[in-house]
Amino acid sequence: MPGKHILASFDEALTGLKEDVLELGVLCRSNLSISINALLKRELDQVAQVLSVQDDMISLATRIDEDAMNLIVRFQPVASDLRFVLHSMKVAANLDRIASHVVKIAKRTPKILAIAEVVEVNLLEPLYLRADQALGQSIVAYSDNNPEAVSELSEEDNEIDKLYKKARKTYTSAIEDSPEHYKELIHLMFVARSLERIGDHAVHIAEILVD
Amino acid sequence: MVIEMNQETATLGKETPDEPVIGRIKGKTMIECNDVSFSYDNGKTNTLDHISLDIPEKQVTAFIGPSGCGKSTFLRCFNRMNDLIDSARITSGSINIMGQDIHAPEVDVIELRKQVGMVFQKYNPFPKSIYENVSYGPRIQGVRDKKELDAIVERSLKGAALWDEVKDRLNSSAFGLSGGQQQRLCIARAIAVQPHVILMDEPCSALDPIATAKVEELIMELREKYTIVIVTHSMQQASRISDNTAFFYLGKLIEYDTTKTLFSTPSQKQTEDYISGRFG
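Residues numbered from 1 in each chain as written. Chains lettered and ligands numbered in written order. Predicted model: local features only at pLDDT ≥ 70, side-chain atom pairs only at ≥ 80, totals over all residues. Heavy atoms only, no water.

Participant: It is not clear to me how the confidence of the model for chain B should be interpreted in this structure. Could you clarify?
Facilitator: When pLDDT is low, close inspection of the predicted coordinates is not appropriate. Residue and element names in this part refer to chain B. Averaged over every residue, the pLDDT of chain B is 91; the share at 70 or more is 92%. Within chain B, the lowest mean pLDDT, 45, falls on strand β1 (residues 2-5), and the highest, 98, falls on strand β10 (residues 227-231). In the model, residues 1-16 has pLDDT below 50 throughout and makes 49 contacts with residues more than four positions away in sequence or in other chains. (pLDDT = per-residue confidence, 0-100. Helix = DSSP H or I, 4+ residues; strand = E, 2+ residues; numbered from the N terminus. Contact = heavy atoms within 4.5 Å.)

Participant: When you look at the UniProt feature "domain: ABC transporter" (unreviewed entry) in chain B in this model, what are you seeing that I'm missing?
Facilitator: In this numbering, the UniProt entry assigns the feature "domain: ABC transporter" (unreviewed entry) to residues 31-275 of chain B. A helix fraction of 37% and a strand fraction of 25% characterise residues 31-275 of chain B, whose end C-alpha atoms lie 25 Å from each other. (UniProt positions renumbered as here; feature names shortened; annotations may be inferred.)

Participant: What am I meant to see in the packing of helix α5 (residues 124-144) of chain A against helix α6 (residues 149-177) of chain A here?
Facilitator: When two helices pack together, their arrangement is given by the angle between the helix axes and by the axis-to-axis distance. All names here are of chain A. Relative orientation of the contacting elements α5 and α6 amounts to 160°, with a least axis distance of 9 Å. On the basis of their axis angle, the class for α5 and α6 is roughly antiparallel. In this structure, α5 meets α6 at a crossing whose hand is left-handed. Facing α5, whose interface residues are L124, P126, L127, R130, A131, Q133, A134, Q137, S138 and A141, α6 presents A149, E152, L153, E156, E159, I160, L163, Y164 and Y171. For the contact of α5 with α6, a count of residues per class yields 12 nonpolar, three polar and four charged. (Axes fitted to C-alpha atoms, helices over the stretch in contact; angles between N-to-C directions. Parallel < 35°, antiparallel > 145°, perpendicular 65-115°, else oblique. Left-handed = near helix turned anticlockwise from the far one by under 90°. Nonpolar A, V, L, I, M, F, W, Y, C, P; charged D, E, K, R; others polar.)

Participant: Please clarify how the pairing of strand β5 (residues 60-64) of chain B should be interpreted in this entry.
Facilitator: Residue and element names in this part refer to chain B. Among the five residues of β5, five are classified as buried, and the element is accordingly described as predominantly covered. Bridge analysis of β5 against β10 gives four bridges, and the strand direction is parallel. In the sheet register, T61 faces β10, and the bridge partner there is V229. Alignment of β5 against strand β11 (residues 244-249), held across four bridges, turns out to be parallel. Its bridge partner lying in β11, A62 is registered against T245. (Buried < 20%, exposed > 50% of the residue type's maximum accessible area, 1.4 Å probe, protein only. Pairing = 2+ DSSP bridges.)

This is the structure:
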């Protein structure tokens, strides 16, 4: 663990930046959980909760970029400090994309719930659990500055990809078999796609930490 | 420990060196320092401790380190300015410039200081005109022809990026120039005698930011013709203008590498702590 800087405000700025990135990660994860649970348990009122914090997530991502730029301008970080700032910006950009997918899932949920439930919705739960685990691991990897997490996360992402392909295949077949449910099944396919993309972004976060 | 430093990679180990660091480079060397130790008190204590490194030709090499680490002392060894102090001397090792041991008996120290010019922290033009400042060195070397002196003055002032600002007042006092202009005049004075090396000891520390930027830009141009070694307290300046950087601490060479490597992935914790502002 590196020592403190002589300039205390430098340490405060670095700590503040890290805390903001972790907060965005936590927001993404908690809202992903709410979105998926709203869909699986057919509880529409939870969707509003996710949509109400959408702007907060966007503002936080913007603030992280501004904080990082100010850090670079004020303190001209070098070596590990500079790498940390650049990593934080890239991680935040990935979390911002994850937040977008979370919001997309939330916005699709009312449309899905308006239609009769189809059993294929259950394919989403294992996919969500994997994506959530990957996201959690990636946030921990950033917090611990652990580049070695990339190998474990790559394996996790492979499993997510397999589950996504299975879900997509099932939904495609289901549309052929039950065309009257095509709207809901297409929505579900897009939700599965968002979960698969969240897995990709989680791996990207770990890859960023590898110099 | 010997490090082969090329222009692409840093190869020092991760541990703080217990034995003296030796910074060798691939490519043409202008100054070769072998196991140099130096004392200000006739050898009782060493201010510089077994320093070995090569300064490459026609590049800018920066010396950084906290106050009192020996970087200015080491710089002054290259043109034997420390000889002016009675009790000061090299206590071990050798310094070769263009293959010549600068402490060999046959070396003319005046000729050495012509070949290895120096610019100081506080600009110090002579109390003479701008023209006389620049022409002084060539004149005492025997140049008498007015046309030749005029050409040398113009070339040197152009080389110092000062000609356009002073060409219409060459006979006016050097003290009438701004601080930044006076420092550039000192650089013109140094290059008038066509040195191979220019030593700069914190050349911008007495200048405002704009004058500093002009001198830095000049340094970037000068390195096409001259080998430049600069001592600086500004890490940002070192990272902006130097090709290679040497970090000193308590008289020892801690790390020496390309500036890009030293400031992005230093291999020594002491270096990282210093450049990151974790100690000074």
